[in-house]
Amino acid sequence: MQVLKNAPSVGDIIHELYLKPTHLSVEGAAELCGITPEQFQRILDGSEKIGYELSFKLSQGFNTSYTFWLHLAQDHQQAQEEKQDKKLKQDDSDVSN
């Protein structure tokens, strides 16, 4: 499976597909998902790891499958790692010249 170079984060998707169009607040969305507003904000910021339990809660709150959130988080993480690897390789080649 090919990963997008700039795969969106879970927070990006929630913001663009759920919060922005519906004007749903962080507090309201957190309540729908059964999590605290603080944890929901960390999801939006990208500092909260999305595991099975959290993906299940997001799926319940936004009426999606839990695998949607897991795969989205994995794709984003892989894209970030590939971007970091590419940057490190570029930095290494700059130093060796």
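The notes below deal with the structure included here.

Parameters and conventions
Residues numbered from 1 in each chain as written. Predicted model: local features only at pLDDT ≥ 70, side-chain atom pairs only at ≥ 80, totals over all residues. Heavy atoms only, no water. Helix = DSSP H or I, 4+ residues; strand = E, 2+ residues; numbered from the N terminus. Buried < 20%, exposed > 50% of the residue type's maximum accessible area, 1.4 Å probe, protein only. Contact = heavy atoms within 4.5 Å. Areas by Shrake-Rupley, 256 points an atom, 1.4 Å probe, with all protein chains shown as cover. Phe/Tyr/Trp six-rings, centres within 6.5 Å; stacked < 30°, edge-to-face > 60°. Polar contact = N/O pair within 3.5 Å; in protein donor to acceptor, adjacent residues only side chain to side chain.

With that out of the way, let us pick up the overall build of the protein. Across its full length, the protein holds five helices and zero strands. In sequence order, the protein lays out its α and β elements as α-α-α-α-α. The proportion of buried residues among the 97 residues of the protein is 30%. When contacts within the protein are restricted to residue pairs at least 6 apart in sequence, long-range pairs at least 24 apart make up 48% of them. Summing over all exposed atoms, the protein offers an accessible surface of approximately 6,800 Å²; the carbon and sulfur share of this is 51%.

A full pass over the atoms with the stated rule returns five aromatic pairs. Aromatic pair Phe40 and Phe62: ring centres 6.4 Å apart, planes at 50 degrees, arrangement tilted. Taken together, the residues span a long stretch of sequence, with Phe40 in helix H3 (residues 37–45) and Phe62 in helix H4 (residues 52–62) at a distance of 22 residues. Residue classification places Phe40 among the buried residues on the basis of a relative accessible area of 0%. Overall, the relative accessible area of 8% leaves Phe62 in the buried class. Relative to Trp69, the ring of Phe68 lies with its centre 4.8 Å away and its plane at 80 degrees, an arrangement referred to as edge-to-face. Assessed through its relative accessible area of 34%, Phe68 is described here as partly exposed.

Attention now goes to the side chain of Ser59. Within the secondary structure, Ser59 sits in helix H4. Assessed through its relative accessible area of 5%, Ser59 is described here as buried. A distance of 2.6 Å separates the side chain of Ser59 from the backbone oxygen of Phe56, its partner in a polar contact. In this structure, Ser59 is in contact with Thr64, Ser65, Tyr66 and Trp69, ignoring residues within four places of it in sequence.

Positive phi is not limited to glycine here, since His23 has a value of about 60 degrees. Of note, His23 is situated in the loop between helix H1 (10–22) and helix H2 (26–33). Judged by relative accessible area, which is 72%, His23 ranks as exposed. Despite not being glycine, Asn63 has its phi angle at roughly 55 degrees, a positive value. Counting through the fold element by element, Asn63 comes out in the loop between H4 and helix H5 (66–96). By relative accessible area, which is 74% here, Asn63 ends up exposed.

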